[in-house]
Amino acid sequence: FCFATFGEHSAPITSLCFVPGGGAVLSSSLDGTVRAHDLTRYRCFRTLVAPSPAPITSITVDTAGEVVVGGASNPFEVYTWSLQTGKILEVFGGHEGPISEVAYNPTKAVIASASWDGTVKLWDIYKSELIETLEMPADVLAVAFSPNGEKICCACLNGTLQIWDAELGELDLIIEAYKDTVAGRHSDDKTKATAESRSKRFTSLAYSTDGSGIIVSGETKSVCLYSSANGVLIRKFQITHNRGLEGVLDKLRSDRFTEAGPLDELPLSESEDEKLNESLPGAKRSKFGKRRTKDAARVTCIRFSPTGLEWAASTPMGVLIYSLDDLFSSFLPTELEEEITPSFCRKSSKAKEWTKSIIMSLHLGEARLTAEIVDSVPINEVELTSQSLPTNMVPKLLTSLASRSESSRHIEYHLLWVRSLLRAHGPSLKEQRGRNSEARSALRAVHKSISAHDKSLFKVAKENSYLLRFLSDFEPFGKSAEGKVSDLVKSEIDESVKIKQEISRSSK
């Protein structure tokens, strides 16, 4: 959910960057400014500008959070600012094309600037001099340093990934990534998808936390993960299957093409053409804000999380977060003995040893067994059982409850479990959120499940409210019945809101 919005920029935002420590976030824009936003008071506390007006296309910051680096599209220069004073420190020139991206070496005071002129230049920001110029076979669209600062990966317009040695300035590996991705068809395409140039280039890349993988994305529906050691494709992800977007279908229907163009883009009737005349003279469409084209499936930016277990992609559908956590499908052999079997878990449950049976089922890792054991706990024993569970078992149980509540009819019972677990172990989970990825994943799953139920419950309650107003007009029912049922619906909504607020506070 969104908890803060900064609207100081007057033009599209081109790049975002967090300051080390997470106390502030930097944003660059085509309005020629770089703004620093405080994440504690939620205000803009610093505005950085170039000596002459220049659209800033990319920014980065050093590991100490003191020097901000930005690249411009016109003039073709790289700027460095002091975040504390807001003054410009140095201007680096030498590129013959717009700067596509800048990157900071995490181990040295060296920055890399990628440009459309087909070069990547390495600069020493303290000595204010050029160290090396790396020649590329095509325009460079993205650049990134490895976590140890020894390698540089560049994404070129010809669809290749060039991995260079940052110390020696030598080319180590070429990954022909254009062979691994094919963009879907657009409604106005006249050629095959394999012949479209938009699918043969990547516009964003990032190293994994340990430097063993490189994830790339671009104007396609696919995200590719490569091994940085040998360039082997590890896995390919498809970000969406929404057929309402351009570039999702692999084949188009030939019967949807006409002599006047694609059938989907033609007016539905002659009356729609007449509506075009209702606009201002010379206008080509009736409403200024009406879209005439579909949005396309693409990824504008992609980044790994500091833990290396999640990565996020910025898409037209929103920010998509992929996680490597699979908390409930793994078998945990720790603290297991020979007598711990599914039958022994059921026997312990019948003996009213709720805590012991739940812990054993979680160690066995069988989802159906855990669901059976949890559902056997009486309602009046849920709170006491939640308090007696060890904290390290709570994330797995929360994940199980979140997955089951999406399709189960016992919503109130599962919400009671979630509330009891958060009341008993919420402070401990909050302390572990920075180093325990299981806790973060479990809280995200619970928050997602409760948000979905909250929306559906609010819709049903609203419809019932309108129905009660309609029924209250008839004498056989009267206003007394309306008041009783309305109070019942209101109490259910208030209870759902309270639980949702507890989940939100725990996830923070």
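To start, this report covers the structure provided alongside it. (Residues numbered from 1 in each chain as written. Predicted model: local features only at pLDDT ≥ 70, side-chain atom pairs only at ≥ 80, totals over all residues. Heavy atoms only, no water.)

### What about the pairing of strand 13 (residues 140-145)?
Regular strands have side chains that alternate between both faces of the sheet. Buried residues dominate strand 13, accounting for six of its six residues. Count of turn residues in the strand 13/strand 14 (residues 151-156) antiparallel hairpin: five residues, of which Gly149 carries a positive phi of about 75°. (Buried < 20%, exposed > 50% of the residue type's maximum accessible area, 1.4 Å probe, protein only. Helix = DSSP H or I, 4+ residues; strand = E, 2+ residues; numbered from the N terminus. Pairing = 2+ DSSP bridges.)

### Notes on the packing of aromatic side chains
All chains considered together, the criterion is met by five aromatic pairs. Among the aromatic residues, those joined into a ring-pair cluster are Phe237, Trp311 and Tyr322. (Phe/Tyr/Trp six-rings, centres within 6.5 Å; stacked < 30°, edge-to-face > 60°.)

### Looking at the packing of helix 3 (residues 354-364) against helix 4 (residues 367-375)
Contact geometry for helix 3 and helix 4: axes closest at 9 Å, N-to-C directions at 165°. Classified by the angle between their axes, helix 3 and helix 4 sit roughly antiparallel to one another. Our pair here, helix 3 against helix 4, has a crossing hand that is left-handed. The segment helix 3 lies against helix 4, with Ser357, Ile358, Ser361, Leu362 and Leu364 engaging Leu369, Thr370, Ile373 and Val374. The class makeup of the residues in the contact of helix 3 with helix 4 is six nonpolar, three polar and no charged. (Axes fitted to C-alpha atoms, helices over the stretch in contact; angles between N-to-C directions. Parallel < 35°, antiparallel > 145°, perpendicular 65-115°, else oblique. Left-handed = near helix turned anticlockwise from the far one by under 90°. Contact = heavy atoms within 4.5 Å. Nonpolar A, V, L, I, M, F, W, Y, C, P; charged D, E, K, R; others polar.)

### A few points about unusual backbone geometry
What is expected of a backbone is that most residues other than glycine have negative phi and most peptide bonds are trans. Note that the residue after Asn74, namely Pro75, is joined by a cis bond; omega there is 5°. Mapped onto the fold, Pro75 is located in the loop between strand 6 (67-72) and strand 7 (77-82). The phi dihedral of Ser128 is positive, around 55°, even though this residue is not glycine. By secondary structure assignment, the location of Ser128 is in the loop between strand 11 (119-124) and strand 12 (129-135).

### Concerning the pattern of salt bridges
All chains considered together, the criterion is met by 11 salt bridges. The salt bridge partner of Asp172 is Lys151, with a shortest N-O separation of 2.3 Å. Taken together, the residues Asp172 in strand 16 (residues 171-175) and Lys151 in strand 14 connect sequence positions 21 residues apart. On the basis of relative accessible area, Lys151 is assigned to the partly exposed category, the value being 27%. Measuring nitrogen to oxygen at the nearest pair gives 2.5 Å for the salt bridge that ties Arg404 to Asp375. Of this pair, Arg404 sits in helix 6 (residues 394-405) while Asp375 is found in helix 4, placing the two residues 29 residues apart along the sequence. With a relative accessible area of 34%, Asp375 lands in the partly exposed category. (Salt bridge = Lys/Arg side-chain N within 4 Å of Asp/Glu carboxyl O.)

### A look at the sheet that holds strand 15 (residues 161-165)
One open sheet holds the four strands; their spatial order is 13-14-15-16, and the pairing between them is antiparallel. One side of each edge strand has no neighbouring strand; the edge strands of this open sheet are strand 13 and strand 16. Strand-to-strand, the axes of this sheet are offset by a mean angle of 20°, without reference to chain direction. Pairing of strand 15 with strand 16 involves four bridges; the strand directions are antiparallel. Counterpart to Ile163 in the pairing with strand 16 is Leu173.

### Describing the sheet that holds strand 18 (residues 213-218)
Pairing is antiparallel across the open sheet formed by four strands, whose spatial order is 17-18-19-20. Each edge of the open sheet carries a strand with a single partner, namely strand 17 (202-207) and strand 20 (233-238). Neighbouring strand axes in the sheet, compared pairwise and without regard to direction, differ in orientation by 20° on average. Where strand 18 meets strand 19 (residues 222-227), four bridges bridge the pair, whose relative direction is antiparallel. Bridge pairing in strand 19 places Ile215 opposite Leu225.

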